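Structural overview for review
Below are the chains, spelled out letter by letter.
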Amino acid sequence: MSFYRALLRLYPRSFRVEYARELEKTFEMRTRGRGALARASAAITDVLPNATAAHWELLRQDLAYAARSFSRTPGFALTAMLVVALGVGANTAALTLADYTFFRPFPYQESERLVRFYQADGEDMWNYGDVSPGNFRDWKEQQRSFSAMGAYSWRSSNLVSESEPRRVELVATTADVLPLLGVQPLAGRMFTAEDTLTGRAIILSYGLWQTQFGGDQGIIGKFVRLDGVPHAVVGVMPPAFRFPQNSVDGWVPQVFTPSSFEDRNNRFLFGIARLRPGGTPEQARQDLNTISKRVAEQTSAQLSYRTGSAVFTLRGEMPSAAISLIVALVGAALCILILACANLASLFLARGAHRAREMAVRAALGAGRERLVRQLITESLTLAALGGVIGLAMAWAGVPLLSRLIPGGLPVDSQPTVDYRVMAVGIVLVLITGLACGVAPAIKAGRSGPLDALRGTNRAGGGRSKKVRSGLVILEIASSVVLLVGSGLLIRAVARVQAIDPGFRAENVLTMKTALPLPKYDSVVTRLQFYERVLNGVRALPGVQAAGYVTGLPLVMRGGIRSIVVPGVTEPGNDRETASIRYVSGQYFEALRIPLIRGRDFNETDVTDGVQVAVVSAAFVKRYWPNENPLGKRFQIGLQQPEERTVVGVVGDIHVRGLERRSEPQFYLPAAQPGAANVGGYMPKDLVVRAAVPPMSLVASIKGIIRNADVEQSVSHVRPLASVVAEETAPRVTQLRILVVLSVIALLIAAVGIHGLLAFTVSTRIHELGVRRALGAPVQGIVGLVLREGLVLATVGILIGVFVAYAAARTMGAILAGVQPQDPVTIGIAATLCFTIAIVSCLRPARNAARVDPLSALRAD
Amino acid sequence: MTDTPEIQNLLPLPAATFHILLAVAEGERHGYAIIQDVEARTDGELRMSAGTLYRSIARMVEQGLISEVTKRRTAEDDERRRYYRITAFGTAVARAEMRRLAQLLRLARASGLSPESA
């Protein structure tokens, strides 16, 4: 019997209280004389289905009741649903981004043991960059930290196969790279040591295999032409495989020649390695540093050789700005959710007060307290569920718009989607929201005796509930202030970044890339002929003001740094003096409106075997010849086989590395004088055209001119230079928009909260206000009473908010672009805005209070 | 005679409900007596468990088909026993259900169908 009695707890409480004894008695008589086992099984088959059915019946009743009650107060229901939808939607979206950035596993085996390694400047590991082949070779031979170690470099090529020629982004890898990632090819094999001697092999990405070769099953062993050179297809990778990031079309072997290892300033490799089990990136870094020191002692003394290393896990080198961005977003979303919950609870509390009589009537009619609480929770959960569905739908639709915020360079799908894990978190959020908002009023409803409420106009506005609601309003105002201050600081940061003068004028400039494949364009003569034909044609187009060629657009090509020696100024062999190198054609400066400060632009007198000349930037002059005439001065490029250049002109500085970064001084060399650096990477391939007409209108004619110059030449990356610059601030602008939207939502929620609280207070104090009026209190006094209550809450909320906002902003330093977290203007505006909204929200309740008619208020008694 | 919408809304009655109505129509019954009564009436075909019975009773009380008898009839009655009797509304509903079933039977007969296999 005790087993049956225990099982009875599965019934709804109201049913159990009513019938438990009868059930027990009946069951006892029904099963009299049976064995213990038979009774136990009878107990289970009796209680389980009936208890479920009983719960289901109650739920149906409560839902029907909730539906009726919502349709009577649609404003309340819609507000509540919207508030939940905003809270859940914002959080699901933010968590999806956080999941992508921080948690989603990479498509490699045991990816937590994978690290990237770089060459760093001595012990200063944060000053790191690409690795030279010489260092890579030494490290690989002597290291003890990694179970495997590889290196790769970027390469883009013209791919010619049976279908149309196309530009492909390839990664040249040493033979170790793909195996150490632990992913098997879908078909074929990885690279062998022989492949890295000839370089004549390619492994296709799944995407390229599908798009360019139609998923040809017999592709392995076929040949494709990369920049005119046949490469054998040796493998195809599976669809989910990405390395080192998304956009890669295929992999080719990295080939080193004996000369690759000579110049240790010739740095172009990226390192990837697998730690031995139990090893840490820091141990590996020490290991590599020790090797470098040893090698430095053995190498020639003329080189001030101070090479250190930097080792990061795959997520370890995400820019701190990108991390701050996502963390700030998640924080803001949580703020909104807390606000939503607080406000919803407040709404339910107010509604609970209004419904106190209804509840009391139901209780008097025999509905147990537990039934009423259950009813209230069903209502809040229903609203939360409906709002949650809307919120999840909003997140699902909105997340792709936020993909910009995911830091580039991670090997994850570039289009984030809300997956089932985040969905599950979203559903939990909904449940918590629903319960949090429903339980407080429900407990209150359960606590108050039905008689109190039936007895008359509920005058019990004070006490605990009032305190709770005041607390909620303070919380709401504080959160709004935090979000407003955050948005304000970011607005200022964006304005500051956008106001940075990049050093060139991007408006009305069209850019595009012509690949100039090797070995076809190996010779400088061939290249110059091509430039001449294209540039002459383009310059002749109506509306074109200037056209030039350059190696890499500013803000796009951020590297291209060489060591330089300035005789009489810097020490020979000092590899710390570096500058940004670009080869340009004539009119490049004019096309970008980079001001010519002294001397001249390059012209037709700068021939290949003439005097080797250079144009330097103002910062270059300031650094090496601060008080001298730079024209005619000489400097050397490179340390191993230095080549000498004579300065013929000085131009303005530009932000090569990005608007928010410090850039090295720049120097420019004429395309006609490639000098010793005559390597593919440095030949000018980017065409820039300044026009008096809308730049994109020229695309067709310019493509025609390029086709005339070389019918096989592919054209890619066609875009206005202005969009390249806009790209620089795009993640900031996106984040700013999101934060502004969140702040507005928060402010609205807070306004609703203040208004709701005061309206509630006024309605519960009508009697008191009426008495005051009857005793001769002036209207202003009554209004002041209500306003004072609202404004005290607002002031407390704002003070707390400013404090929290300051603390939060200090952690966001990386994305504030130098704006101070205690920026008084921002804080002042945010506080004023909040205060204004608070006053506006007080007005209607205050007016209602002023209109209280002393007679009718007293008559209600 | 036309039935009110309140009655019509309850039809057709679940088998258990109808049987319980029949059992309490004859007089006040407590729970276990209802089970026994129904079992005897159906030759043991409908054997309700305690849960099924009281779930039905709870619903029927709410619908107003039966009501609990608050006054104990004799002193020797078990204190735990609760007695139920049919209400006027319950009788009306039971009658309406009977008419519905009779009508159904008439229609079936008229179509020439007979319960015995030919």
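Being a predicted model, the structure only gives us computed values, none of them experimental.

Observations concerning the overall build of chain B
Each helix and strand in chain B was counted, giving five helices and three strands. Counting helices and strands in the order they occur from the N terminus, chain B gives α-α-β-α-α-β-β-α. Taking all 118 residues of chain B together, the buried fraction comes to 27%. Considering only contacts in chain B between residues 6 or more positions apart, those separated by 24 or more positions represent 56%.

Digging into the overall build of chain A
Tallying secondary structure elements over chain A gives 24 helices and 22 strands in all. Here chain A holds 861 residues, and 43% of them are scored as buried. Put simply, 84% of the contacts in chain A that link residues at least 6 apart link residues at least 24 apart.

A word on the packing of helix α2 (residues 15-25) of chain B against helix α5 (residues 88-110) of chain B
Residue and element names in this part refer to chain B. At their nearest, the axes of α2 and α5 sit 10 Å apart, and the two run at 125° to each other. Comparing the axis directions of α2 and α5 gives the class oblique. Here the hand of the crossing between α2 and α5 comes out left-handed. Between α2 and α5, the contacting residues are Phe18, Leu21 and Ala25 on the first element and Gly90, Thr91, Ala94 and Glu97 on the second. For the contact of α2 with α5, the class distribution of residues is four nonpolar, two polar and one charged.

Focus on the sheet that holds strand β2 (residues 66-69) of chain B
Spatially, three strands are ordered β1-β3-β2 (chain B) in an open sheet, and the strand pairing comes out antiparallel. Of all the strands in the sheet, just β1 (29-30) and β2 of chain B have a single pairing partner and so form its edges.

Quick look at the environment of serine 743 of chain A
Residues and elements named next belong to chain A. Checked against the element boundaries, serine 743 lands in helix α20 (residues 721-764). Overall, serine 743 belongs to the buried group, with 25 C-beta atoms counted inside 10 Å. It is 5.2 Å that separates the C-alpha atoms of serine 743 and leucine 483, two residues lying 260 residues apart in sequence.

Considerations on the pairing of strand β9 (residues 250-253) of chain A
All names here are of chain A. Across the two faces of β9 the burial is the same, with Gly250 and Val252 and Trp251 and Pro253 all buried. With four bridges joining them, strand β4 (residues 166-173) and β9 adopt parallel strand pairing. Considered in β9, the bridge of alanine 172 is made with valine 252. Across two bridges, the pairing between strand β6 (residues 201-204) and β9 is antiparallel. For isoleucine 203, the partnering residue across the bridge sits in β9 and is tryptophan 251.

Thoughts on the confidence of the model for chain B
In the predicted model, chain B carries a mean pLDDT of 85, and the fraction of residues at 70 or more is 87%. Here the predicted complex carries an ipTM of 0.83, next to a pTM of 0.63.

Focus on the interface of chain B and chain A
Each partner contributes to the interface: chain B provides 13 residues, whereas chain A provides 16 residues. Those elements that place two or more of their residues in the side of chain B that touches chain A are α3 (31-41) and α4 (50-63) of chain B. At seven residues, the largest contribution of residues to the side of chain B that touches chain A is made by α4 of chain B. Of the residues assigned to the side of chain B that touches chain A, the class counts are six nonpolar, four polar and three charged.

A word on the nonpolar core
All names here are of chain A. By size, the foremost hydrophobic cluster in this structure holds 95 residues, and its most contacted members are Val84, Ile336, Ala340, Ile477, Val481, Ala746 and Cys834. Setting aside residues up to four positions removed in sequence, alanine 746 forms contacts with Cys335, Ile336, Leu339, Ser479, Ser480 and Leu483. One finds Ala506, Tyr531, Tyr583 and Ala672 within the second-largest nonpolar core, a separate group that totals 59 residues.

Looking at α2 of chain B
Inspection of α2 of chain B places Thr17, His19, Ile20, Leu21, Ala23 and Val24 of chain B among the buried residues, and these make up the whole buried set. Buried positions along α2 of chain B lie against β1, α3, α4, β2, β3 (83-86) and α5 of chain B.

Thoughts on the pairing of strand β10 (residues 270-275) of chain A
Each regular strand carries side chains that alternate between the two faces of the sheet. Residue and element names in this part refer to chain A. Counting buried residues along β10, six of its six residues qualify, which places the element largely inside the surrounding structure. In the sheet, strand β1 (residues 114-121) pairs with β10 via four bridges, with the strands oriented antiparallel. Looking at β10, one finds that valine 115 is bridged to alanine 273. In the sheet, strand β3 (residues 146-160) pairs with β10 via six bridges, with the strands oriented antiparallel. If you follow phenylalanine 146 over to β10, its bridge partner there is leucine 275.

With respect to unusual backbone geometry
Trans peptide bonds make up the majority, and among non-glycine residues the majority have a negative phi. Of note, the amide linkage connecting phenylalanine 243 of chain A to proline 244 of chain A takes the cis form, showing an omega dihedral of -10°. Secondary-structure assignment places proline 244 of chain A in the loop between β8 (229-236) and β9. Between leucine 11 of chain B and the following residue, proline 12 of chain B, the backbone shows a cis peptide bond with an omega angle of -10°. Mapped onto the elements of the fold, proline 12 of chain B is located in the loop between α1 (5-10) and α2. The backbone of asparagine 508 of chain A shows a phi angle near 60°, a positive value even though the residue is not glycine. Tracing the backbone shows asparagine 508 of chain A in the loop between α15 (463-498) and β12 (509-514). Owing to 19 C-beta atoms within 10 Å, asparagine 508 of chain A belongs among the partly exposed residues under this scheme.

What about the environment of leucine 383 of chain A?
Mapping leucine 383 of chain A onto the fold places it in helix α12 (residues 369-398). A tally of 27 C-beta atoms within 10 Å means that leucine 383 of chain A is categorised as buried.

Observations concerning α4 of chain B
Between its first and last C-alpha atoms α4 of chain B spans 20 Å; for 14 residues at 1.5 Å apiece the expected length is 20 Å, and the two agree. Burial in α4 of chain B covers these residues: Ala50, Gly51, Leu53, Tyr54, Arg55, Ser56, Ile57 and Met60 of chain B. On the buried face of α4 of chain B, the contacting elements are α2 (13-30) and α3 (36-72) of chain A together with α2, α3, β2 and β3 of chain B. Two residues or fewer after α4 of chain B comes glycine 64 of chain B, characterised by a positive phi angle close to 85°.

A look at the environment of valine 852 of chain A
Along the polypeptide, valine 852 of chain A turns up in the loop between α23 (824-850) and α24 (854-859). With 22 C-beta atoms counted inside 10 Å, the residue valine 852 of chain A sits in the buried group.

Some words on the confidence of the model for chain A
Confidence along chain A averages 81 in pLDDT terms, with 87% of residues attaining 70 or more. Below pLDDT 50 for its whole length, residues 456-462 of chain A participates in 12 contacts with residues either more than four positions away or in separate chains.

Some details on the packing of helix α22 (residues 779-811) of chain A against α23 of chain A
Residues and elements named next belong to chain A. Closest axis-to-axis distance for the α22/α23 pair is 9 Å, and the angle between their directions is 150°. It follows that α22 is roughly antiparallel to α23 by the angle criterion. As for the relative orientation of α22 and α23, their crossing is right-handed in sense. Across the interface between the two elements, Val779, Ile782, Val783, Val786, Leu787, Gly790, Leu791, Ala794, Ile798 and Val802 of α22 pack against Ile827, Ala831, Cys834, Phe835, Ala838, Ser841, Cys842, Pro845, Ala846, Ala849 and Ala850 of α23.

Procedures and definitions
The residue count restarts for each chain, going from 1 along the sequence in the order it is written. Chain labels run from A onward and ligand labels from 1 onward, assigned in the order the entries are written. A pLDDT threshold of at least 70 governs which residues receive local features in this predicted model, and a stricter bar of 80 or more applies before side-chain atom pairs are shown or counted, although totals over entire chains, interfaces and linings include all residues. Only runs of H or I of at least four residues qualify as helices and only runs of E of at least two qualify as strands under DSSP, and these elements are numbered from the N terminus. Buried residues are those with 20 or more other C-beta atoms within 10 Å of their own C-beta, exposed residues have 12 or fewer, and partly exposed residues lie in between; C-beta atoms are placed from the backbone. Here the contact rule is simple: place C-beta atoms from the backbone, and any two residues whose C-beta atoms are within 7 Å are in contact. A fitted line through C-alpha atoms serves as each axis, taken over the contacting stretch for helices, and the angle formed by two N-to-C directions is quoted from 0 to 180°. Roughly parallel covers angles under 35 degrees, roughly antiparallel covers those over 145, roughly perpendicular covers 65 to 115, and oblique covers all other angles. With the far helix as reference, a near helix turned anticlockwise by less than a right angle produces a left-handed crossing, and one turned clockwise produces a right-handed crossing. Under the scheme applied here, ten amino acids are nonpolar (Ala, Val, Leu, Ile, Met, Phe, Trp, Tyr, Cys and Pro), four are charged (Asp, Glu, Lys and Arg), and all others, including Gly, are polar. DSSP-based pairing: two strands are paired if at least 2 bridges between them are found. Along the chain, pLDDT gives the predictor's confidence residue by residue, from 0 to 100. To count as a nonpolar core, a set of buried Ala, Val, Leu, Ile, Met, Phe, Trp, Tyr and Cys residues must be joined through C-beta atoms within 7 Å. To estimate the expected span of a helix, count its residues, drop one, and scale the result by 1.5 Å.

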